[in-house]
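Each chain, written out:
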Amino acid sequence: MGAALGGASTFMVVMTIPLTLPVILLLVVVAQALFAAALLLAAPANRLPNRLLALLLLAVALWELDALGRVGELYQQNPDLYFSPIYYSLAFGPLLWWYVRALTNDGFRWRWRAEAWHLLPVALQGGLYWWLRFQSYPTRAWFWETVHQPFTYRVEFIGTWVSLVMYLGLSLRLLRRYAQWLPNNFSELSALRLRWLRVVLWLVAAVCGQWLVEVVLREGFGRYYAYDYSTWLLGGALLLLGAGGLRQADMQAVHFSEGEVADDAQEVPLMAAASKEESTLESTSESTSEPALESTPEPTPTVARTFDPAALAQVQRALETERLFLNPTLTLAELAAHTGLAPRLISSTINAGYGQPFADVVNGLRVAEVQRLLADPDTLARLSLLGIALESGFNSKTTFNRVFKEATGVAPSEWGRASQ
C-alpha cells in the first residue's frame, strides 16, 4: 500500500486529483486496461485465452489503482480509502502462463484439481484484503502499522515479483518449444508464430529487472518507493499484451503439446545422423570394392522406427502427385487424415526423407510451382504475379515474398523478369 496511515477517518464529499504526469499515465493505464479487458471478453475468437488475458488486465488495473491513490494524494485526502483496491497481484504469473498455454493449445481446459493450487496464494492475498475492507478504520490503521508495512507488504511485493519471474520463465520456455513444433505441423505460419508475444514477454522480463532494483533498494537500503517505476512499466507492457491479444488470429487449429517437441528433438538429430551415415556408406562403396557395412554403425531403434520408406512414398504421392501443397492452409493433421498415417509418423518421415520440416517442404513445392508457372507464357498472360502465388498455394503476398526470397535468394518480381 501507499504511505503510512495517519489521521482520523473523514468522509470527504469532494476530492481533487493533481494532474501530474504520473497521475495522467496511471489514469490512462487503468482506463485502457479496463477497455481492453472488455474487448477481450467480447471477442469471438480465442475465447478462453482472451478471457484469461482479460482477467490479467483487470488484476493489473487494481494494482495500478493503489499507485493512483498514492500519487494522486487520494489516501491523504480520505484515509478511509486505504485497502480499498483488492489486490490479486499474485495472480499475474499464473494468468500469464495459462494465457500462453491456452493460446498455443485450443484443447487446453482449466481443470480444478490440476490448476487450483496455483491460485492458493492469490486466494490468501485477496481474502486478506476483503477482510480488511470491511474492518473499521482503527483496525485497518493498526494492521498497517504493526503487520502490513513491516511484514505482509514485503511478502506481497517480493512474492509477486518471484511469482511473475517463475511463470514468465515457464511461458518463454513454452513459446520456444512451440516455435520448434510449429513448422512441423503447419504450412502457413505467419499468423501462428506468436513472435509479438515473445517480444512482449521479454519486455515484461525487463520490467522484472527494474522490479528487482526496487526490491534491493527497499530491503537493502531502506529506500521506500525510490525509483518506483515497475508499476507504470508493468501496466504499459501488459497493455501491449492486451493489444496483441486482440489482434491475434484465431488459433483454433493449434493443439500444441510440449511432450511432442521433446520426442521430436530426440528423433530428428538421430535421423540426420542416419542420413549422413548412409551417404558415407554409398561414397565408400563406390570408391572401394569392399563393402563398408561392417564398419558402419547400426541405425538406432528410433531411426528404424520413424523412417519408413513406404510412408515416405505415401507422403510424397499426397504432396507432389496429388498436389495437396496447393491447399493454402494445409496442416499436418489434414495430411494425416488424407493419407491415413499417424501425424507423428508423418512428421518424423518428412524430417528424415526430405531433411526439412513440414512447412519448408510444402512451401518449397509451392515455390517450385510458382517458378513453373512463371515460365509458362499462357499463365503469364492470364495471371498476375500475385495470382500465380495464390494459385500455387500461398495465401498472402507477404508470406509469398518472404518464402520465395528465402528459397531462391531473389524477389519474385526479379525471378519473373529473368524468366521472361
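What comes next concerns the included structure. None of these values were measured; they are calculated from a predicted model. (Residues numbered from 1 in each chain as written. Predicted model: local features only at pLDDT ≥ 70, side-chain atom pairs only at ≥ 80, totals over all residues. Heavy atoms only, no water.)

**Some details on the overall build of the protein**
- Of the regular secondary structure elements, the protein holds 19 helices and 0 strands.
- Relative to its full complement of 420 residues, the protein shows a buried share of 43%.
- The contacts of the protein with a sequence gap of at least 6 include a subset with a gap of at least 24, amounting to 75%. (Helix = DSSP H or I, 4+ residues; strand = E, 2+ residues; numbered from the N terminus. Buried < 20%, exposed > 50% of the residue type's maximum accessible area, 1.4 Å probe, protein only. Contact = heavy atoms within 4.5 Å.)

**Digging into the packing of helix H8 (residues 195-221) against helix H9 (residues 230-247)**
- Where H8 meets H9, the axes come as close as 9 Å, and the angle between the chain directions of the two elements is 170°. With respect to H9, the element H8 is oriented roughly antiparallel. Facing H8, whose interface residues are Trp196, Leu197, Val200, Leu203, Val204, Val207, Gln210, Trp211 and Glu214, H9 presents Ser230, Leu233, Leu234, Ala237, Leu238, Leu240, Leu241, Gly244 and Gly245.
- Partitioning the contact of H8 with H9 into residue classes produces 13 nonpolar, 4 polar and 1 charged. (Axes fitted to C-alpha atoms, helices over the stretch in contact; angles between N-to-C directions. Parallel < 35°, antiparallel > 145°, perpendicular 65-115°, else oblique. Nonpolar A, V, L, I, M, F, W, Y, C, P; charged D, E, K, R; others polar.)

**Let's talk about the pattern of salt bridges**
- Taken as a whole and assessed by the stated rule, the structure comprises 9 salt bridges.
- Between Arg382 and Glu391 there is a salt bridge, with its nearest N and O atoms 3.5 Å apart.
- Arg382 gets classed as exposed once you look at its relative accessible area, which sits at 54%.
- For Arg402, the salt bridge identified is with Glu406, shortest N-O distance 3.8 Å. You can see Arg402 and its partner Glu406 sitting in helix H18 (residues 397-408), 4 residues apart, about one turn around the helix. (Salt bridge = Lys/Arg side-chain N within 4 Å of Asp/Glu carboxyl O.)

**Digging into the nonpolar core**
- Counting residues in hydrophobic clusters, the biggest one holds 65 residues, and the most contacted among them are Leu56, Tyr178, Leu197 and Leu241.
- Sorting elements by how many residues they give to this core places helix H7 (residues 137-181) first, with 13 residues.
- Discounting chain neighbours no more than four positions away, the residues touching Leu56 are Phe92, Leu95, Leu96, Leu238 and Leu241.
- Counting residues in each nonpolar core, the second largest holds 17 residues, with Leu319, Phe325, Leu330 and Phe358 among its members. (Core = buried A, V, L, I, M, F, W, Y, C linked by side-chain atoms within 4.5 Å.)

**Overview of the packing of helix H4 (residues 92-104) against H7**
- The contact between H4 and H7 brings their axes to 7 Å, and the two run at 15°. By the criterion of interaxial angle, the relationship of H4 to H7 is roughly parallel. Regarding H4 and H7, the two cross each other, and that crossing is left-handed. Only Thr160, Ser163, Leu164, Tyr167, Leu168, Leu170, Ser171, Leu174, Leu175 and Tyr178 of H7 make contact with H4, whose side of the interface consists of Phe92, Gly93, Pro94, Leu96, Trp97, Val100, Arg101 and Thr104. (Left-handed = near helix turned anticlockwise from the far one by under 90°.)

**A look at the packing of aromatic side chains**
- All chains considered together, the criterion is met by 22 aromatic pairs.
- An aromatic cluster is defined as three or more aromatic residues linked by ring pairs; in this entry it consists of Trp63, Phe83, Tyr87, Phe92, Tyr129, Trp131, Phe143, Tyr153, Phe157 and Trp211.
- Over the face of the ring belonging to Trp97 we find Arg101, whose NZ or CZ atom lies 4.3 Å from the ring centre.
- Lying over the aromatic face of Phe157, Arg218 brings its terminal NZ or CZ to 4.1 Å of the ring centre. (Phe/Tyr/Trp six-rings, centres within 6.5 Å; stacked < 30°, edge-to-face > 60°. Lys NZ or Arg CZ within 6 Å of the ring centre and 35° of its normal.)

**Some thoughts on H18**
- Taking 1.5 Å of rise per residue, the 12 residues of H18 would be expected to cover 16 Å, and the 16 Å separating its terminal C-alpha atoms lies within 8% of that figure.
- Every buried residue of H18 is accounted for by Thr399, Phe400, Val403 and Phe404. In an axial view of H18, the angular spread of the buried residues amounts to 115°, which keeps them on one side of the axis. Exposed residues lying more than 90 degrees from the buried face of H18 are Lys397, Thr398 and Glu406.
- Of the residues one or two after H18, Gly409 is the one with positive phi, at around 85°. (Expected span 1.5 Å × (residues − 1). Arc of directions from axis to C-beta.)

**Some remarks on the environment of Val71**
- On the secondary structure map, Val71 appears in helix H2 (residues 47-71).
- The spacing of Val71 and Pro22 is 49 residues in sequence and 7.1 Å in space, taken between C-alpha atoms.
- In this view, Val71 contacts Pro18, Val23, Leu26 and Trp232; residues no more than four positions away in its chain are not counted.

**Overview of unusual backbone geometry**
- Although it is not a glycine, Glu73 adopts a positive phi angle of roughly 60°.
- Mapped onto the secondary structure, Glu73 falls in the loop between H2 and helix H3 (74-77).
- Take Glu73: its relative accessible area is 41%, and that puts it in the partly exposed class.
- Of note, the phi angle at Phe83 is positive, near 65°, even though the residue is not glycine.

**Let's talk about a nonpolar patch on the surface**
- Together, Leu19, Ile24, Leu27 and Val28 make up an exposed nonpolar region whose accessible area comes to about 360 Å².
- Tracing the backbone shows Leu19 in the segment before helix H1 (21-42).
- With relative accessibility at 68%, the residue Leu19 sits in the exposed group. (Patch = residues over 30% accessible without salt bridge, like charges linked within 9 Å, V, L, I, M, F, W, Y side chains within 5 Å. Areas by Shrake-Rupley, 256 points an atom, 1.4 Å probe, with all protein chains shown as cover.)

**Considering H9**
- The terminal C-alpha atoms of H9, which comprises 18 residues, lie 26 Å apart, in line with the 26 Å expected from a rise of 1.5 Å per residue.
- In this structure, the buried residues of H9 make contact with H1, H2, H4, H7 and H8.

**Re the environment of Tyr178**
- Topologically, Tyr178 is positioned in helix H7.
- Given a relative accessible area of 0%, Tyr178 falls into the buried group.
- It is 8.2 Å that separates the C-alpha atoms of Tyr178 and Ser257, two residues lying 79 residues apart in sequence.
- When sequence neighbours within four positions are dropped, the list of residues in contact with Tyr178 reads Thr104, Leu192, Arg193, Leu194, Met251, Val254 and Phe256.

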